Each structure stands twice: as C-alpha cells, then as structure tokens.
Amino acid sequence: MQAGLLRSFQNSSQSRGMTAWFISAMLFAFYILMYFTSVFDPLATALGLGSRWNLYGTLYTLAIIVGGIYFLKRHGNSRYHQLRTYSLIFFQSVMAFSIPMVMEIFDTKGFVFSIFWPLKMDYFYPQNIFEYPVLLIVYAFLSALIGVPIMTILFGKRWYCSWMCGCGGLAETAGEPFRHLSNKSRKAWRFEKVSIYSVLVLAIITTVLVLVNWSLGTHAVSGEWSTEHSTLNLVSSKVQGAYQFIVAAMLSGVLGVGLYPLMGSRVWCRFFCPLAAILGIFQKFGRFRITVKDDMCISCGNCSTYCEMGIDVRAYAQANQSFKRAACVGCGICAHVCPRGVLRLENKWDFKTEPAGLTPQSIDF
Ligand code: SF4
Ligand code: SF4
C-alpha cells in the first residue's frame, strides 16, 4: 500500500508553508548548537553517552531507522526499495555507529568502514590516518582510490548514494517527505555543476596541501604533528580549518539538513558532496543508466516531481531518450512512481546516449 504520495502538496510541512519554515529553523538551530556550542554535553553525559557527538550519532541513527519505517510505508511494495532501505539502516546503525562505538570502548580510535575520502577527509590526512592499524590504513586508501571507481563503473553511484552512505541514508528515510521539493530548473542544474566540482577541487587542494606539509618533514622533526608554524604549516592548517568549517559543518550539516523542508533532502548530495562529484564522473563512463520505453510516456510528471536530484526525467521520457546523468543517485523512485512502467534502472554496457535528433541533455553532465 503506497500511502501519501498525492497528499505531498496539501500539507504545510511539505509545501514550504509555515510549518516547513518552522521545522527548517529548528533544524538550523539544532545543528548550530550541536556543532558550535557545548549545550548538549550535559544531556549526553546524563544519558551515559560520553560526548555530544555520540548523542548526535544516536539521534542520527534513530532518524534513519524511524524514517526508514516511514519510507517503507510509502514505497515498501517494491523489493528494490525494501532491500536498499534495509541496507541503509544496516550501514548506519552497524558500520557507521555501533562498530566505531565498540572500537572506542576498547580504546581504539573509531573507524567508519562505510565512509571514504573525500567525504571523510581525515582518512587522507597523515596525522589522522596513521593513528590506525596498518590494515585500516590500507583499507582507507584502497577503498577510496580503487574500490569506489570500480564499483561506480559497474553499478553507478547508487551502490553508495542510495545503499550505503549515511548522508544519503538520512535523505532517503527521514528526508522522504521532502523529496519532491528539489529544484528542477536548468538554473539549478547549472549551479549544481559549478558548486559540486568546486567543492571537489577545494577538497583535493586541501588534501594535497596537508600531505605536502606533512611530507616536507614538519612531522619528522618532533615525531608528532608539528606545532611549529612555518608558512606552509600555517597555510595548511588554515585551509584545513576553513574546509572543516565551510564544507563539513556548514554545507553538509547546517545547510544540508536544515534546508530539507524547503529545498528537498539532497541539497548536500546534489550541490556540495565531493565524493558524489567523483562518483558522478565515473557514473558517466560506467554501465548504469535509466532506460525509457518508446512512446509509453503520458507526461503525467510523477517521475520529475519525485526526483530528489532535480532531474527532469519526464523530458527524457517524452523524447524516448534513455539517459545517464552524473547527479542521479539511482534511488529508483522515478521508475517506482511511473504509472506506465516507462522507466528502468539498468547496468549494461551497450548503451547509445544520443538517439538521432534529440536534445543534447543526456550527453551533458
Ligand atoms: S532520475 Fe530517478 S533514480 Fe535518478 S535520482 Fe532521480 S528519481 Fe532517483
Ligand atoms: S512518470 Fe512515467 S508516464 Fe509520467 S511523465 Fe514520467 S515517464 Fe512519463
């Protein structure tokens, strides 16, 4: 039983009404207080969670579990959506939350197996990654440099964005009521292409700066991460701090989640996530695509309406044009809500992106 799809625009909280603005303001306030103050520390201590970050992890995991149940109520009549929802709940509750907590109980620094560079910048910062055992260091480098490209060429970015990632997990579950609020305009698409690759370039510059600074020996002088402020060391730490504040705190947390009720649940994934940018590039050269059955579309617009990445799926369907888009996270909702079964998510090599006489959209990023 699919519940609630048609009511999405009648509800103040789901149609940018007063309730939506209120929820957005509450989310902004929560993230600012959580990230930049210690007001949640007493509550974390009272609950026996140690630090506010553990409290945040607990709330985040609960949001994904509760949101996952809500999502299944709406879309659980599909095996695909059942499996990927269970997968998201598993990766968040076990791999991203429980395992790092258990590691810390045994006095080992927590390691999240389901997050890779550059989403987790720490895993390429020598001063952080070299605190882990050799096997985890090897895992961090191989997964980011080899595992991510291979998996994405074979399966598209959905294996990560819609099945494993914690940010995607929150968007797909707790963010489900807001997925239709994504901006479908070409202006938003143009902004997305500039913003996401800008953050990726910033992530690469930051990582290279930190690596060069470390390899030039400031580390070797004292045997610890240097506190001597040579010019490079100073620039490196400033850039690292700026990236942490702007990208990791403001864009992924405060704006990324705070804007759910106003701009949809994938603001961070669509406009700013540097790992999504890398996944999107490999997706364009890989097997994954959405195929369209010829002359079946009745232009109802359900697919475009519920695409959380703002892709105008209907335009491709109307043009009988199968497509690959770097932004597509392979959530499969467009195919799920199509009343005519026009769309299909596929992994196949034999793909012609540009049938004669159609728009150039599908060959663009
Ligand atoms: S195009 Fe379809 S599968 Fe891709 S993000 Fe949009 S709704 Fe999900
Ligand atoms: S949901 Fe299906 S029928 Fe409706 S516009 Fe999209 S492809 Fe066409």
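See the structure above.
A brief look at the structure comes next. Please read all numbers here as calculations on a predicted model, not as lab measurements.

Section: the pattern of salt bridges
Per the stated rule, a full pass over the model turns up 13 salt bridges. Close ionic contact of Glu172 with Arg84 constitutes a salt bridge, the shortest N to O distance being 2.8 Å. Of this pair, Glu172 sits in helix H8 (residues 166-172) while Arg84 sits in helix H4 (residues 79-105), and the two are 88 residues apart along the sequence. Each of the two residues, Glu172 as well as Arg84, counts as buried. Notably, a salt bridge pairs Arg179 with Glu172, separated by 3.1 Å at the nearest N-O pair. Neither Arg179 nor Glu172 differs from the other in exposure class; each is buried. Through salt bridges with shared partners, one network takes in Arg74, Arg84, Glu172, Glu176, Arg179, Arg266 and Glu308.

A word on the nonpolar core
By size, the foremost hydrophobic cluster in this structure holds 62 residues, and its most contacted members are Tyr160, Trp268, Ile290, Ile311, Val313 and Leu343. In terms of residue count, helix H9 (residues 186-222) provides more of this core than any other element does, 6 residues in total. Viewed by domain, this core spans two of them, domain 1 (17-287) and domain 2 (288-363), each represented by three or more residues. Residue contacts for Leu343: discarding those within four places in its chain leaves Ile290, Thr291, Val292, Cys303, Val313, Ala317, Cys334, Ala335 and Cys338. Listed in part, the 19 residues of the second largest apolar core include Tyr35, Tyr60, Ala249 and Tyr260.

A short note on the site of ligand 1
Ligand 1 sits among Ile290, Cys307, Met309, Ile311, Val313, Cys328, Val329, Gly330, Cys331, Gly332 and Cys334. Tallied by class, residues from the shell around ligand 1 come to 9 nonpolar, 2 polar and no charged.

Digging into helix H13 (residues 274-285)
With 12 residues, H13 extends 18 Å between its outermost C-alpha atoms, agreeing within 8% with the 16 Å of an ideal straight helix rising 1.5 Å per residue. For H13, a buried count of 9 out of 12 residues is recorded, marking the element as mostly surrounded by other parts of the structure.

Rules of the game
Residues numbered from 1 in each chain as written. Chains lettered and ligands numbered in written order. Predicted model: local features only at pLDDT ≥ 70, side-chain atom pairs only at ≥ 80, totals over all residues. Heavy atoms only, no water. Salt bridge = Lys/Arg side-chain N within 4 Å of Asp/Glu carboxyl O. Helix = DSSP H or I, 4+ residues; strand = E, 2+ residues; numbered from the N terminus. Buried < 20%, exposed > 50% of the residue type's maximum accessible area, 1.4 Å probe, protein only. Core = buried A, V, L, I, M, F, W, Y, C linked by side-chain atoms within 4.5 Å. Domains from an automatic or database assignment. Contact = heavy atoms within 4.5 Å. Near = heavy atom within 4 Å. Nonpolar A, V, L, I, M, F, W, Y, C, P; charged D, E, K, R; others polar. Expected span 1.5 Å × (residues − 1).

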